[in-house]
Structures are given as C-alpha cells and as structure tokens.
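Below, each chain spelled out in residue letters.
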Amino acid sequence: MDIVYTIWLRNMKRYLRSKSRIVGSLGMPLFFLLVLGFGLNSVVRIPGAGQGYMGFIVPGIVSMSVLFTSVFSGIQIIWDKQFGFLKETLVAPVSRLEIMFGQTLGGATTAFIQGFIILALSLFMGLNVTSVPGFLVASVFMVLIGLSFTAFGIAIASKMEDMHGFQLIMNFVIFPIFGLSGALFPIDSLPSWLRSLTLLDPLTYGVEGIRYGLSGTSQVNPFFGFVVLAGFTVFMVVVGATLFRRIDV
Amino acid sequence: MFAIEVENLTKNFNGFVAVDNVSFSIESGEIFGLLGPNGAGKTTTISMLATLLRPTSGSALVNGFELTKRDDDIRKSIGIVFQDQSLDEELTAYENMDFHGRLYRISKTVRQQKIVELLKLVELEEKKNDIVKTFSGGMRRRLEIARGLLHEPKVLFLDEPTLGLDPQTRNHIWEYIENLNKEKGITIILTTHYMDEADRLCDRVAIMDKGKLIASETPEKLKEEIGGDVITITSSEREELYAKLKTLSWVKHVEPHDGFVTINLENAERHVAEIANLSATNGIEIDSISIRKPTLEDVFLHFTGRTIREGEASSKDHMRMIHRMGRR
C-alpha cells in the first residue's frame, strides 16, 4: 500500500505543480458549457429535464472533463517511458501491479478534481444541486469514470512507443466515446440503432449516473448503470495491469 | 568473493544477437569496466544483470542471488544509474530522492537523514529544493548517482556515467566514483566507450564488441599484451608512407588512419630515426612524429582491427536494425 501511495503522491505533486495544465484542460469543457449551455438553452426543450438544457449538459461536461483528464493521465506513462523515469520505478523492488494501481489512483484523483472544478463553476451558471446524497452519487460515478479511463490510458500507453499515436486515439476513440455517451443529448430521442450503440458506450452509464445524482432524473436506471460501470472499471484495471506488466524498457 | 558471476549470458532480439555467450566474474570491491563502442551490447548486459531484461539463455549470480529466480533480492542489493536520464524533471532534487527512498521502503527518519547526507556528498545540498528541470547535465548525473546510493546497494551499475559531460565535470564524477569504491567498498560496474575513463578508473576491464566478450584483464596487462610502443606519424602523403612502412621487418603492425599512420613496434626510440631517413629519401613529407606507450584505444584496435570510432559507425546500423525489428 505504501508503494501505491508513493506513486499516487508523485502524481499529485506533478498535478498541483502544473498550473497551466490545470487551467488548460478546463478550457475545452468550459467552452462547451458556455457555448452549448447558453447558446441552446432557450431553443432546446428536453422533456423531463427540470433545469433547462444547461442543467441537462452539466453532467455531460463534467464527465467529459473527467474522461479527458483520466485518459491523459494514463497515457502520461509514455512520457515516463520516453524520459526514462519509468526505468527508475521498474528497477525498484516493487511489483508492477503496485505501480499500476498507484498510477490509476493518481489519474483518477486528478480527473475527479478536474470534474469537480467544472461542477463548482457550473453552480455559478445556474445549476442547482439540491441534495447532498445526490452529490455523493454523482461523485461515485465520477470516480468510476476516472478509474476506468485512467486504466484505459495505461493500457494504451503500454502498447504505444511514443506520443505520435495520441492524436489517433483522441480522434477515433475518446471523442466517439464522448460523443456517443448522451452527454449532449437525451439518448431516448435517438433512432433505435444509434441508441443501442450508445448503450454499448460505458461512458453513457457514467453520464446518466451523474445526471441522476445532480438532477434526480436519468434515462438509465442508476443502479444498473453503477453495476455496468463498476464492471467496466474492474475489466479495464485488469486489462491495464496485464498490459503494463508486459512493458519492456 | 564474487559480486557478480556471469555464465554464457545471451540476449537475442528477434534474431539479432545483442549479447553473445558472455561469461565473466567481478570480485567484491572492484571497479569493473565494460568497454566497447555503442551497440556492442554493454547496456544490454547491464540491463539483464539489473533484472530489467530477461536473458534468452545463460545464467548469472548477482550478490549471490540467482538471476530471474530471485530478482527482488537482486533489485534490493543493486543501484543503477542509467545511460539516459531517469529523473522526474518536474520534481525537486529532494523529492526525486524521497520518491526513491519510499520505493525501496526506507523508513522516514533514515530516509531524511540519508538524503541530506548524500546530497551533501554530491554537492547538491543547496539545490535540494530546486526543480530538476533547471539542473545542468552534470548536476543531474550527480543527483542520479546519489539516488542510486540511497538504499545502500552493494553493487552500483553506472551505464556511461560521463556521457556528454564536459571534461571538468567528468573529472569530478570520476573522483566521486573512486571515493565511493574506496570509502564505502561498493563494487562498481561501469560501461563506457571512453578508453581514458576505463584506464583511469577500472581495476579490470572487459572489452566487448558486437555482443562478444573479446578480452577481460587489468588495463596494464592488456596494454602489455600488445607489447612495445606506438609511433604515430602525421603526414599528408600517408598512402605512400604506409606502403613503405609495410615492408619493414621490425614493424609489428601498421595501420593507416585519417591523416595519420600508427605503427606498433618494439624499441621505438631506436627506429624513429630510420623512419625519418626513409621518408626523406623517398621525398615523403612528415608533419610530426610521436612515440607513446599503448593505450586502451590501441588495445581495442589490436583485438578488433578497428578503432572504437569505426566500431561505432558500423554498430549504429545494428541499432537501427534492432529498432526496426522492435516495431514489427
């Protein structure tokens, strides 16, 4: 456990020290929130959503922030590989499983903080969080998204030689995961073939879970969503740990 | 007692044999040098001994622990400074050390005390709260050496410890290495392609070329083995000179290089006038003549037929090959 904590601690130190990255990675979600939220608030009516379109997409943008930060934290392993720091950890008398868990927890923590900042900022844009238990439910889903997608990033980083493939992963994996998740639109309004696609997207359950927590309504049963997302998290951590164990330096 | 015993160690990267049936042993308390051009297999050998790479075949004992069977015990008992930098640039010097100490499960009080002590040793105590990003190459190297010593290893691996450093810093680092060995009795294994470095530091050297170990002895013995002296002649007409020198009976070996010719022979003092006369009668202009005792550079030339620079050019192609194969 002390080793997991050590790796986690390094992640936290690096995160807190990179002010420009914190602000930089808030940029895109905030931009989405402002442009889509205010821009479409008066024209889009979503049945069942009490707080308008703004209230509807806040959970989506929060998950977006958590998703991007966590994948990015996982992929950072490539930098450690390229700049040699990974060797320092791998030659120490610790198991790779501990290193991987530490990295996953670290990534999930930074992702949660980023998501939380968006959530806090959206309070100033008219979001009302009424219940504390609801907020806790949303937090649980944010943590799960953070854990699963950091592990996902680690899995990808274990297979990649350098950052060249990063853009590819962003455009063909991460954006589709975000786009299909129902972060920006209600999945009930989709044609059935597209709807089944969104139900295959693990992020959908995260978005709906956060939405349930924040607004009390969702289109997927939150308990079912929790089970699916927790299962996906376990699966991703196992895959990430397996691939990380095989890294050659 | 041996710190390291290696028997028939081999590493095969998809058909490319980077380390080929290498056997050697290193005594406790020695400074042992692995010498050779880039791509000779030095780093691969060290990576295997440090448990980072699995050998294809062969066996090794590191501090008495068998490689691949007791890797965790080996890891606890060795320190390593990699050829490429392996610091976290966004952390401070102290934090890099602290991270290392935690990884090796050193208790907090011991850790704090040792970090300060070691940073003092490498003269970085005043910089301990500076971010590593701001450090020069030499400072980073020193910090890495200090870090490698934090868990009190019995054996310290140094992979090209002075690569890319200026002469002053190199001297400085050599002093550290010598002191560590003398005062703390740490066995040191270093790889280098600087022959002067090996000559100055190492009790024994092993010369590696193209994955094979071609000699393993004290630098003195190796130099004795070639015997005699080396004459270096600088001349613009080296081809003609080479042709003439080749026919002389007392010349043991002659080798043309870029702008100069080297001659191996016994009793150089007696023959140097003869060479001057020979060139004068043949109208060959000589810019300079120097006589010296052989260096490890000459030893390398003797064993491989190439200077270490020439060796590097050809091994770079190998490296490229490995790289391509790795991508497949």
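Numbering of residues starts from 1 in every chain and runs along the sequence as written. Here the convention is simple: chains get letters from A, ligands get numbers from 1, in the order in which they are written. A pLDDT threshold of at least 70 governs which residues receive local features in this predicted model, and a stricter bar of 80 or more applies before side-chain atom pairs are shown or counted, although totals over entire chains, interfaces and linings include all residues. Each side-chain value is worked out from all heavy atoms of the structure, with water and hydrogens disregarded.

> Pulling in residues and values, what's your account of the overall build of chain A?
By definition, any uninterrupted DSSP run of H or I lasting at least four residues is a helix, any uninterrupted run of E lasting at least two residues is a strand, and each is numbered from the N terminus. Within chain A, the regular secondary structure consists of eleven helices and zero strands. When its helices and strands are written in sequence order, chain A yields α-α-α-α-α-α-α-α-α-α-α. It is over C-alpha atoms that the radius of gyration is taken, and the globule rule equals 2.2 Å times the number of residues to the power 0.38. Scaling as 2.2 N^0.38, a compact globule of 249 residues should have a C-alpha radius of gyration of about 18 Å, and chain A matches this with 18 Å. C-alpha atoms of chain A, sized along the principal axes, occupy 55 × 40 × 35 Å. Contacts were defined at the residue level, with two residues in contact if any of their heavy atoms lie within 4.5 Å. At a minimum sequence separation of 6, the contacts of chain A that also span at least 24 residues come to 81%. Note on areas: these come from Shrake-Rupley sampling with a 1.4 Å probe, and a residue is covered only by the protein chains present in the view. Split by element, the accessible area of chain A, about 10600 Å² in all, is 72% carbon and sulfur.

> Give a description of the packing of helix α5 (residues 137-149) of chain B against helix α6 (residues 167-184) of chain B that names residues and reports values.
Residue and element names in this part refer to chain B. Here an axis means a line fitted to C-alpha atoms, over the contact stretch when the element is a helix, while the angle between two N-to-C directions is reported on a 0 to 180 degree scale. Viewed as axis vectors pointing N to C, α5 and α6 meet at an angle of 10 degrees, and their least axial separation amounts to 10 Å. By the angle between their directions, the pair α5 and α6 is classed as roughly parallel. Contacts from G138, R141, R142, I145 and L149 in α5 reach T169, I173, Y176 and L180 in α6. Amino acids outside the nonpolar list (Ala, Val, Leu, Ile, Met, Phe, Trp, Tyr, Cys, Pro) and the charged list (Asp, Glu, Lys, Arg) are all regarded as polar, and Gly is one of them. In the contact of α5 with α6, the residues fall into five nonpolar, two polar and two charged. By the definition adopted for this analysis, an angle is roughly parallel if under 35 degrees, roughly antiparallel if over 145, roughly perpendicular if from 65 to 115, and oblique otherwise.

> Got a sec to walk through unusual backbone geometry? Specific residues and values, please.
Residues and elements named next belong to chain B. Backbone geometry places N8, a non-glycine residue, at a positive phi of 50 degrees. Turning to its location among the elements, N8 is positioned in strand β1 (residues 2-13). Positive phi is not limited to glycine here, since T51 has a value of about 70 degrees. Topologically, T51 is positioned in the loop between α1 (42-49) and β4 (57-62). Throughout this description, buried means an accessible area under 20% of the type-specific maximum (1.4 Å probe, protein chains only), exposed means over 50%, and partly exposed covers the range between. Residue T51 is classed as buried on the basis of its relative accessible area of 9%.

> Any chance you could break down the domain arrangement of chain B for me, citing the residues and the numbers?
Looking at chain B, the domain boundaries give domain 1 (2-219) and domain 2 (228-293). Measuring from the centre of the C-alpha atoms in domain 1 of chain B to the corresponding centre in domain 2 of chain B gives 41 Å. Domain limits in this description derive from either an automatic procedure or a database domain assignment.

> So what about the interface of chain A and chain B? Which residues, and what values?
In this complex, chain A contributes 25 residues to the contact, which on the side of chain B involves 26 residues. The term buried area denotes the loss of accessible surface (1.4 Å probe radius) that occurs when two parts are joined, taken as the sum for both partners. Taking both sides of the interface into account, the surface hidden between chain A and chain B amounts to around 2600 Å²; carbon and sulfur atoms contribute 55%. Considering only the side of chain A, the residues that lose the most area to chain B are A:E88, A:V91 and A:P93, jointly responsible for 27% of the buried surface there. What counts as a salt bridge is simple: a side-chain nitrogen of Lys or Arg found within 4 Å of a carboxyl oxygen of Asp or Glu. Run the count over chain A and chain B and you get nine salt bridges.

> So, the side chain of A:S122: which residues are in play, and what are the values?
Within the secondary structure, A:S122 is located in helix α6 (residues 96-123). Those residues in contact with A:S122 that sit more than four places away from it in its chain are A:L33, A:V58 and A:L127.

> Pulling in residues and values, what's your account of the sheet that holds strand β9 (residues 204-209) of chain B?
All names here are of chain B. Ordered by their spatial adjacency, six strands build an open sheet running β6-β7-β8-β3-β9-β10, and the pairing between neighbours is mixed. At either margin of the open sheet sits one strand with a lone partner, and together these are β6 (78-81) and β10 (212-217). Each strand axis lies, on average, 15 degrees off the axis of its neighbour in the sheet, ignoring direction. When DSSP locates at least two bridges between a pair of strands, those strands are taken to pair. With five bridges joining them, β9 and β10 adopt antiparallel strand pairing. Note that in β10 the partner of V205 across the bridge is E217. With respect to the sheet, α6 is in contact with β3 (31-35), β7 (155-159) and β8 (187-192), its orientation differing from that of β8 by roughly 155 degrees.

> So, the packing of aromatic side chains: which residues are in play, and what are the values?
The description of an aromatic ring pair rests on the distance of the ring centres and on the angle between the ring planes. Residues and elements named next belong to chain A. Note on aromatic pairs: the rings of Phe, Tyr and Trp (six-membered ring only in Trp) are paired at centre separations within 6.5 Å, and the planes decide the class, stacked below 30 degrees, edge-to-face beyond 60, tilted for the rest. All told, the structure shown has 15 aromatic pairs over all chains when counted by the stated rule. With a centroid separation of 6.0 Å and 20 degrees between ring planes, the pair formed by Y53 and F56 is classed as stacked. Taken as a pair, Y53 and F56 lie in helix α3 (residues 52-75) at a separation of three residues, close to a single helical turn. Given a relative accessible area of 5%, Y53 falls into the buried group. When the centroid spacing of 6.3 Å and the interplanar angle of 80 degrees are considered together, the rings of F68 and F178 count as edge-to-face. Remark: F178 occurs in helix α8 (residues 166-179) and F68 occurs in helix α3; sequence separation between them is 110 residues.

> Pulling in residues and values, what's your account of the pattern of salt bridges?
Applying the stated criterion across every chain, the model contains 30 salt bridges over all chains. Residue B:R102 is joined to B:D98 by a salt bridge in which the shortest nitrogen-to-oxygen separation is 2.9 Å. Of this pair, B:R102 and B:D98 both sit in helix α3 (residues 93-103), four residues apart, which is roughly one turn of the helix. Note that B:E144 and B:R141 form a salt bridge whose closest N and O atoms lie 3.3 Å from each other. Linking B:E144 with B:R141, this pair stays in helix α5, spanning three residues, or about one helical turn. Note on B:E144: relative accessible area 2%, which makes it buried. Taking relative accessible area as the criterion, B:R141 reaches 6% and is therefore assigned buried. Via salt bridges that share partners, A:R10, A:R14, A:R21, A:D80, B:D88 and B:E90 belong to a single interconnected network.

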